[in-house]
Amino acid sequence: MRHHLVVRKANRLDKSIAVLLPDASRSAAQRWIDSGAVRVNGLPRNSASDSVAPGDVIDIDAPDAAPAAPQAEALPLAVLYEDADVVAVDKPAGMVVHPGAGNAAGTLVNAMLAHAPEVAEVGDEARPGIVHRLDKETSGVLLVAKTDAAYRALQAQFKHREIRKTYLALCVGEVQPLRGVIAKPIARDPSNRQRMAVISGGREALTEFVAAERIVIERRPYTLVRAHPHTGRTHQLRVHLASIGFPIVGDLLYGAGRDPLSKRIAPRHLLHASEIRFRLPSTGAEMTLYAPLPDDMRAVLSPEV
């Protein structure tokens, strides 16, 4: 269903949509924005907190029906840590975090509802307990809130950039410089809604990286990169590393298609959320959790990694 709305009062984008479409909730507006279905004055927007002004035109290509509430499924979960407030899981590559178009079942949310049914009452009803996400093909550690108080506390930590995440990425080529910071704005690619891109006027995005190890595979150079995103933009590490000329192995969407290793033995982009540091919502104590390197990355890298 398409909506063509004219803003009457300055507000946040998600609030404006909810005001102009009384049957739509702010969580529905957030889902539309996240999926790339919302444009303001013809330009895509992917942040619910963006401001809109009187006279701005909001166009929405919304699904015809609201998604059904996710159902519990007894799926395997690799739990790294759990208490009364939070669960940390090691998400496998290939698992979607929450239900959406084309993925009504088999997601991490479905598995969490079976593991901890109380999650159903936490946060957004379409993605209960979810305070951050990983791409479908990205593996590694992910936090899920089990109570509303924990949900708000973790959201606040993410908002204030108090949570430190570490990723391991195998990149094509000899990454230069050996360490650095990539500060390039990111927005949805206007020519391909499946992609994000470095775009002037996009949302601030900041990535710190270190070339951790040089690797030669089949006489070709690769680099194992340790990356710390200071912001949480969609596809941020994939876009940023590709933007400096070193796409992640297996990431055909962002330029690794010319790499023979990517085409032959990398079943997905080789990106792994290896570590997260945060404060426990219940006590404020600092916690660092680690997700072991998955088998598919071990198969490509040396056994010592």
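Scroll up a little and you will see the structure.
Residues numbered from 1 in each chain as written. Predicted model: local features only at pLDDT ≥ 70, side-chain atom pairs only at ≥ 80, totals over all residues. Heavy atoms only, no water.

**Q** Even after reading the chapter, I still don't get the overall build of the protein, so can you show me in this structure?
**A** Of regular secondary structure, the protein possesses 7 helices and 17 strands. Since a compact globule built from 305 residues should have a radius of gyration of about 19 Å, the 20 Å found for the protein is in line with a globular shape. Projected onto its principal axes, the C-alpha positions of the protein cover 60 × 45 × 35 Å. Burial analysis of the protein (305 residues in total) assigns 48% to the buried set. Once local pairs closer than 6 in sequence are excluded, the contacts in the protein between residues at least 24 apart make up 63%. A total of about 14,600 Å² of accessible surface is found on the protein, and carbon and sulfur atoms cover 51% of it. Computed over 38 positive and 34 negative side-chain charges, the inter-centroid distance for the protein is 6 Å. (Helix = DSSP H or I, 4+ residues; strand = E, 2+ residues; numbered from the N terminus. Rg over C-alpha atoms; globule rule 2.2 N^0.38 Å. Buried < 20%, exposed > 50% of the residue type's maximum accessible area, 1.4 Å probe, protein only. Contact = heavy atoms within 4.5 Å. Areas by Shrake-Rupley, 256 points an atom, 1.4 Å probe, with all protein chains shown as cover. Lys, Arg positive; Asp, Glu negative; His and termini not counted. Charge placed at Lys NZ, Arg CZ, Asp CG, Glu CD.)

**Q** Is there a simple way to explain helix H2 (residues 26–34) in this structure?
**A** Note: α-helices contain 3.6 residues per turn, so residues at a spacing of three or four share the same orientation. Turning to H2, its buried residues are Ala28, Ala29, Trp32, Ile33 and Asp34. Looking at the buried side of H2, the elements it contacts are helix H1 (13–20), strand E3 (38–40), strand E6 (57–61) and strand E12 (186–188). Where H2 ends, the next residue or the one after it, Gly36, has phi of about 85°, a positive value.

**Q** Explain the side chain of His272 to me, please; I cannot follow it from the model alone.
**A** Note on placement: His272 falls in strand E16 (residues 271–279). Judged by its relative accessible area of 1%, His272 falls in the buried class. There is a polar contact of 2.8 Å between the side chain of His272 and the side chain of Ser139. Residues within four places of His272 in sequence aside, it is in contact with Asp90, Ser139, Gly140, Thr166, Tyr167, Leu168, Ala291, Pro292, Leu293, Pro294 and Met297. (Polar contact = N/O pair within 3.5 Å; in protein donor to acceptor, adjacent residues only side chain to side chain.)

**Q** Help me out: how do you make sense of helix H4 (residues 148–159) in this one?
**A** Its 12 residues place the ends of H4 16 Å apart at the C-alpha level, agreeing with the 16 Å of an ideal helix rising 1.5 Å per residue. Next to the buried residues of H4 lie strand E8 (86–91), strand E9 (139–145) and E16. At the C-terminal side of H4, Arg161 shows a positive phi close to 55°. (Expected span 1.5 Å × (residues − 1).)

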